[in-house]
Amino acid sequence: MYGVVTGEVDEYGQPADDTVVVALAGDPLYVGVKLLDQQYRLEDVRLLAPVLPRSKVVGIGRNYAAHAAEMGNDLPAEPLMFLKPNTSVVGPGDPIFYPRQTQDLHYEGELAVVIGRICRDVPPEQATDVIHGYTIANDVTARDLQKSDVQFTRAKGFDSFCPLGPWIETDLDPQAFVDGVRIQTHVNGDVRQDGTTADLIFDIPTLIAHVSSVMTLLPGDVILTGTPEGVGPMEVGDEVEVSIAGIGTLVNKVAQR
Ligand code: MG
């Protein structure tokens, strides 16, 4: 079941104590927002992934200069695209499974854009018209397989490699990302990434224009905008939190497969 989470989150991505969830009829991406006369306290509901992409999660690589540098890569001349299967998506609180095929599993905290309309060849100046909202992603990556395979499909495509959530923020001025929204990743409470969307090399309208010049985007498709510097390993048992100011905090634990 879908619902509307009311209220604001603070600069650390934490919701207020009195936050409630109002239930919705059907899937709001298809039937619009139809409120039901049912309301729950946020702490009493279990949140699932706020969207299951109908066709794809489009990842963008090397979209923060400091992250490209830490990986030893040059800056891309145009956005570097890859795909994650929709079967990689899990929700807040779901386990990230550590595959037996890797010895170097990394977190990548990212801002994610949820597409609201079928679209193709979207000009940058109309990009905000096709955005349903924003959520948080962990672009989980088997770093050793990414290097050995060259192609990213296996390294980024395992089941559970795309936690999304905790919800979709639909009421955010996109100018905020240009001005700079803080994005942080903590592992077991220690800060590992502390970036700002002001450092995005290619901004969100540019990414939507670029991706939609190649492939049609469907309602519920997700674009990951890239990760700031500070990527690193996760171990079984680690708790990984990705927070974006004004959106929320996505928490997942790493588990043995
Ligand atoms: Mg990434």
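Residues numbered from 1 in each chain as written. Predicted model: local features only at pLDDT ≥ 70, side-chain atom pairs only at ≥ 80, totals over all residues. Heavy atoms only, no water.

## Quick look at the side chain of Lys156
Okay, step 1: Position of Lys156 among the secondary structure elements: in helix H4 (residues 153–157).
Okay, step 2: Within the structure, Lys156 has its side chain in polar contact with the side chain of Asp139 (distance 2.8 Å).
Okay, step 3: Non-local contacts of Lys156, meaning those with residues more than four positions away in its chain, are made with Phe82, Lys84, Glu108, Asp139, Val140, Thr141, Gln146 and Phe161. (Helix = DSSP H or I, 4+ residues; strand = E, 2+ residues; numbered from the N terminus. Polar contact = N/O pair within 3.5 Å; in protein donor to acceptor, adjacent residues only side chain to side chain. Contact = heavy atoms within 4.5 Å.)

## A closer look at the coordination of the magnesium ion
Okay, step 1: Coordination of the magnesium ion by the protein is provided by Glu108 (OE), Glu110 (OE) and Asp139 (OD), with metal-donor distances spanning 1.9 to 2.1 Å.
Okay, step 2: Taken in chain order, the donor set of the magnesium ion reads E-x1-E-x28-D. Within this pair, whereas Glu110 is found in strand S9 (residues 109–115), its partner Asp139 is found in the loop between strand S10 (131–138) and strand S11 (141–142), the two being separated by 29 residues in sequence.
Okay, step 3: Look at Glu110 and you get buried, because its relative accessible area is 1%. (Donors = N, O, S within 2.8 Å, 3.2 Å for Na, K, Ca; no water. Buried < 20%, exposed > 50% of the residue type's maximum accessible area, 1.4 Å probe, protein only.)

## Focus on the domain arrangement of the chain
Okay, step 1: What the domain assignment reports for the chain is domain 1 (1–45) and domain 2 (47–256).
Okay, step 2: Domain 1 and domain 2 are separated by 23 Å when their C-alpha centres are compared.
Okay, step 3: Summing the contributions of domain 1 and of domain 2, the shared interface buries around 1200 Å²; its carbon and sulfur component is 61%.
Okay, step 4: Three residues stand out in domain 1 for area buried against domain 2, namely Val9, Leu29 and Tyr30, and they jointly supply 41% of the buried area on that side.
Okay, step 5: Scanning the region where domain 1 abuts domain 2 turns up one salt bridge.
Okay, step 6: The interface formed by domain 1 and domain 2 holds three residue pairs in polar contact (both at pLDDT 80 or more) in total.
Okay, step 7: Taken together, the residues that form the side of domain 1 that touches domain 2 break down as nine nonpolar, two polar and three charged. (Domains from an automatic or database assignment. Buried area = accessible area lost by both parts, 1.4 Å probe. Salt bridge = Lys/Arg side-chain N within 4 Å of Asp/Glu carboxyl O. Nonpolar A, V, L, I, M, F, W, Y, C, P; charged D, E, K, R; others polar.)

## Thoughts on the sheet that holds strand S15 (residues 222–224)
Okay, step 1: If you walk across this open sheet you meet the seven strands as S5-S4-S15-S9-S10-S12-S6, and the pairing is mixed. In this open sheet, the two edge strands, each paired with only one partner strand, are strand S5 (80–84) and strand S6 (89–90).
Okay, step 2: Pairing of strand S4 (residues 57–61) with S15 involves three bridges; the strand directions are parallel. Each bridged residue has a counterpart across the sheet, and for Val58 the counterpart in S15 is Ile223. (Pairing = 2+ DSSP bridges.)

## Quick look at the sheet that holds strand S8 (residues 105–107)
Paired through their backbone hydrogen bonds, the strands of a sheet run either parallel or antiparallel.
Okay, step 1: Pairing is antiparallel across the open sheet formed by three strands, whose spatial order is S11-S8-S16. Of all strands in the sheet, those with a lone pairing partner are S11 and strand S16 (232–233), marking the two edges.
Okay, step 2: Bridge count for S8 against S11 is two bridges, and the pairing is antiparallel. From the neighbouring strand, Leu105 faces S11, where its bridge partner is Ala142.

## With respect to the pairing of S4
Okay, step 1: Among the five residues that make up S4, five are buried, leaving the element largely enclosed by the rest of the structure.
Okay, step 2: Neither face of S4 is exposed, since Val57, Gly59 and Gly61 on one face and Val58 and Ile60 on the opposite face are all buried.
Okay, step 3: Where S4 meets S5, five bridges bridge the pair, whose relative direction is antiparallel. Its bridge partner being in S5, Gly59 is matched across the sheet by Phe82.

## Things to note about the packing of aromatic side chains
Okay, step 1: Overall, the coordinates contain three aromatic pairs when judged by the stated rule.
Okay, step 2: With a centroid separation of 4.7 Å and 55° between ring planes, the pair formed by Tyr134 and Phe177 is classed as tilted. Placement of the pair is Tyr134 in strand S10 and Phe177 in helix H5 (residues 175–179), with a sequence separation of 43 residues. The pair formed by Tyr134 and Phe177 is uniform in burial state, with each residue classed as buried. (Phe/Tyr/Trp six-rings, centres within 6.5 Å; stacked < 30°, edge-to-face > 60°.)

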